[in-house]
Amino acid sequence: MTVQDSREAAARAAHGASTAGQLRAQTLAHSAHNYDPLPVVICEADGAWVTDVEGRRYLDMLAAYSAINFGHRHPRLVAAALRQLERVTLVSRAFDHDQFGPFCAELAALAGLDMVLPMNTGAEAVETAIKTARKWGYEVKGVPADQAVIIAFEGNFHGRTTTIVSFSTDEDARASYGPYTPGFRLVPYGDLAALAAAFDDRVVGVLVEPIQGEAGVLVPPAGFLPGVRELCTARGALMMADEIQSGLGRTGDTFACDHENVVPDMYLLGKALGGGIVPVSAVVSRSDILRVFKPGQHGSTFGGNPLACAVGREVIAMLSTGEYQERSAKLGSHMHDRLASLPSDVVRQVRGRGLWAGLEFASLSGREVCKRLAERGVLAKDTHGSTIRLAPPLVISEDDLDWAIDQVEALVR
Ligand SMILES: *Cc1c(COP(=O)(O)O)cnc(C)c1O
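Note that this is a predicted model, so its numbers are computed, not measured. (Residues numbered from 1 in each chain as written. Predicted model: local features only at pLDDT ≥ 70, side-chain atom pairs only at ≥ 80, totals over all residues. Heavy atoms only, no water.)

When you look at the packing of helix H5 (residues 100-111) against helix H12 (residues 306-320) in this model, what are you seeing that I'm missing?
A pair of packed helices can be characterised by two numbers: the angle between their axes and the separation between those axes. Interhelical geometry of H5 versus H12 gives an angle of 30° and a closest axis separation of 9 Å. For the element pair H5 / H12, the angle class is roughly parallel. Read as a crossing pair, H5 and H12 show a hand that is left-handed. Contacts from Phe100, Pro102, Phe103, Glu106, Leu107 and Leu110 of H5 reach H12 at Cys309, Gly312, Arg313, Ile316, Leu319 and Ser320. For the contact of H5 with H12, the per-class residue count stands at eight nonpolar, two polar and two charged. (Axes fitted to C-alpha atoms, helices over the stretch in contact; angles between N-to-C directions. Helix = DSSP H or I, 4+ residues; strand = E, 2+ residues; numbered from the N terminus. Parallel < 35°, antiparallel > 145°, perpendicular 65-115°, else oblique. Left-handed = near helix turned anticlockwise from the far one by under 90°. Contact = heavy atoms within 4.5 Å. Nonpolar A, V, L, I, M, F, W, Y, C, P; charged D, E, K, R; others polar.)

Next comes the structure, spelled out in C-alpha cells:
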C-alpha cells in the first residue's frame, strides 16, 4: 500500500465508521480538553482547502498557525517526503546521514548565517535558544554562575514548556504550572526605553517575536526591531528572533526581521519549516555562538532526522527563489487593502503584514466570528477575546482569497 492509498483508506474508514457527531463525541470523551476546536472534523485536504467527514469543503484561512504556509500536501513536499520514506527516515544523531549536512548548510545560507541546531517543535527551538544564550553568557560574556537574565516581552507566545510559560503574561497559559523558572525579565512590547532600562550586565539575550502572533498579530512600531538590535549589540547580548510563526514567507519576506533590515544573532524557526508534514524546528545562528555546545550538552532523538531534513530542504529550495515571499507580499497587500475598508464600528482595527492579519472586533467575540465564518465555509481562529487571525496558505489563489474576504464582509454587514 502506498501512503496515498492508506490515506484514502483512512478517509474512507472515517466516512464509513462514524458520523461527525460520533467522532466529536469520541474526541471529547478520550482526549484531554486542552483545546476547544470548532465543530469541523477534517478528513482530507489539498492546497488551501480542507474537506470534512460530511463532504463539506472549507477554505483554510489559518494554515495551522503558519505551519501550512505552502498549502496542504504541496506536491513538491509530498514528493520529497515519499522519496525519503523509501530511503531512510531515522538514524538518531548517533550517526550522520546524507540529508543532515545539506539541510544545515542550506538553511544557514537562506538566513545568511553559518550554523544550525535542528530540533523538532517550536518550543524546543525556543528552549535551545534560551540554553544557548545562558551558556554563551557564562562561557563567553562572563556572567557569574546562575545569574543570567533573558529579557522577553509582555504578551509573548513562545510555546508551552514549563520554562517558557514561566515568562508568559497569559494567565491561561501560565497559571498552576509553578514553581516557575527564574531568570527572565519582561518589558512592554514595542517599548525601547523600557527595554534599555531593563538591561544590566547580567542580560545575555533578548527574546522577541518580530510580530506578536498569538497576542493578535501585533506589529511593533517602526524602528523597534533595529532598536532591539542596537541595544543587544551595544550591551553585549544576543538578539533572538522567534520567527516560528512570522518567518518563512508569511509576512512577504523570508523573515519578518527583513522588513527592517535587521539580522538577529539567532533565528528561531519551526512550523512551516516542516512543510506541514513533519515537525521540524531549528535555531539558525553563527558558529561563534553555537560552538558553546560540546557533544552531550544538548540534543534530541528526532532532531535533524532524515525525513525532517529532506522535507526541510525542499521547503528551503522553494523559499530560495523568492516566489512565495513575493506572492505573500502581493496577495497580502491586496488582502490588507480590502480589510482596511471594513466598517470600523464593527472591526475596530486591522493589523498585520503580508498574508497575515489580525482583525479586532468591536463587540463580537472572536470565537463567535470564527463560528459564523465556519458556517460560511471559512476556517479561521480567534486569539485573545475579540480578535481573529487570518493567515491563509501562501499558495492561495487570488479568487479564493477574495471569496474568503467576501465572507468576512458579509458577516460584518
Ligand atoms: C507556535 C509558536 C511556538 C511554539 O511552537 P510549537 O511547535 O507549538 O512548540 C513558539 N513561538 C511562536 C512565535 C509560535 O507561533
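Would you mind showing me how to read the pairing of strand S11 (residues 347-352) here?
Look at any regular strand and the pattern is simple: side chains alternate between the two faces of the sheet. The pairing of S11 with strand S12 (residues 357-361) spans five bridges and is antiparallel. Across the sheet, the residue bridging to Gln349 is Glu360, located in S12. Count of turn residues in the S11/S12 antiparallel hairpin: four residues, of which Gly354 carries a positive phi of about 60°. (Pairing = 2+ DSSP bridges.)

Sorry, what's going on with the sheet that holds strand S15 (residues 387-390) here?
Hydrogen bonds between backbone atoms are what pair the strands of a sheet, whose relative direction is either parallel or antiparallel. One open sheet accounts for four strands, arranged S11-S12-S15-S14; its pairing is antiparallel. At either margin of the open sheet sits one strand with a lone partner, and together these are S11 and strand S14 (381-382). For S12 and S15, the ladder comprises four bridges, and the chain directions are antiparallel. The partner of Ala357 across the bridge, within S15, is Leu390.

Is there a simple way to explain the domain arrangement of the chain in this structure?
Frequently, the measure chosen for interface size is the accessible area that the parts lose on association. When cut into domains, the chain gives domain 1 (37-66 + 324-412) and domain 2 (75-320). Just the C-alpha atoms count here: the centres of domain 1 and domain 2 sit 27 Å apart. Opposite the 24 residues of domain 1 that make contact, domain 2 presents 23 residues. Roughly 2000 Å² of surface becomes buried between domain 1 and domain 2 when both sides are summed, with 57% attributable to carbon and sulfur atoms. Area buried by domain 1 at its contact with domain 2 is led by Gln325, Arg353 and Trp356, which between them contribute 38% of it. Our enumeration of links across domain 1 and domain 2 arrives at one salt bridge. Linking Arg389 and Glu214 is a salt bridge whose minimum nitrogen-to-oxygen distance equals 2.9 Å. Our enumeration of links across domain 1 and domain 2 arrives at 14 residue pairs in polar contact (both at pLDDT 80 or more). Sorting the residues of the side of domain 1 that touches domain 2 by element identifies helix H3 (63-66), helix H13 (323-340), S11, S12 and S15 as the ones contributing at least two each. Residue composition of the side of domain 1 that touches domain 2, grouped by class: twelve nonpolar, nine polar and three charged. (Domains from an automatic or database assignment. Buried area = accessible area lost by both parts, 1.4 Å probe. Salt bridge = Lys/Arg side-chain N within 4 Å of Asp/Glu carboxyl O. Polar contact = N/O pair within 3.5 Å; in protein donor to acceptor, adjacent residues only side chain to side chain.)

Could you clarify how one ought to interpret the environment of Asp46 in this entry?
Mapped onto the fold, Asp46 is located in strand S1 (residues 42-46). Taking the C-alpha atoms as reference points, Asp46 and Ser300, 254 residues apart in sequence, are found 31 Å from one another. With residues near it in sequence (within four places) discarded, Asp46 still touches His72 and Arg73.

Explanation requested: the packing of aromatic side chains in the structure shown.
Remark: the centre distance and the inter-plane angle together describe each pair of aromatic rings, the angle taken between the planes. Counted by the stated rule, this structure contains seven aromatic pairs. Between the aromatic rings of Trp49 and Trp403, the centroid separation amounts to 5.8 Å while the plane-to-plane angle is 35°, which identifies the pairing as tilted. On the criterion of sequence distance, the pair formed by Trp49 in strand S2 (residues 49-52) and Trp403 in helix H15 (residues 398-412) is long-range, its members being 354 residues apart. Feature note: the residues Phe153, Tyr189 and Phe224 constitute an aromatic cluster, connected by ring pairs. A cation over a ring is seen here: Arg57 above Trp49, with NZ or CZ 4.6 Å from the ring centre. Positioned above the aromatic ring of Tyr180, the side-chain terminus of Arg174 is 3.8 Å from the ring centre. (Phe/Tyr/Trp six-rings, centres within 6.5 Å; stacked < 30°, edge-to-face > 60°. Lys NZ or Arg CZ within 6 Å of the ring centre and 35° of its normal.)

Got a minute to help me understand the pattern of salt bridges in this structure?
Once their charged atoms are close, side chains differing in charge can pair, the charge on each being opposite to the other. Within this structure, the stated rule accounts for 20 salt bridges. Taking the shortest distance from any N to any O, the salt bridge between Arg367 and Asp36 comes out at 3.5 Å. Remark: Asp36 occurs in the loop between helix H2 (20-30) and S1 and Arg367 occurs in helix H14 (residues 366-375); sequence separation between them is 331 residues. On the basis of relative accessible area, Arg367 is assigned to the partly exposed category, the value being 22%. Arg87 is paired through a salt bridge with Asp98; the nearest N and O atoms lie 2.7 Å apart. Taken together, the positions of Arg87 in the loop between helix H4 (75-85) and H5 and Asp98 in the loop between H4 and H5 put the pair eleven residues apart, joining distant regions of the chain. On the basis of relative accessible area, Asp98 is assigned to the partly exposed category, the value being 42%. Connected via shared salt-bridge partners are Arg229, Asp265, Arg286 and Asp288. (Buried < 20%, exposed > 50% of the residue type's maximum accessible area, 1.4 Å probe, protein only.)

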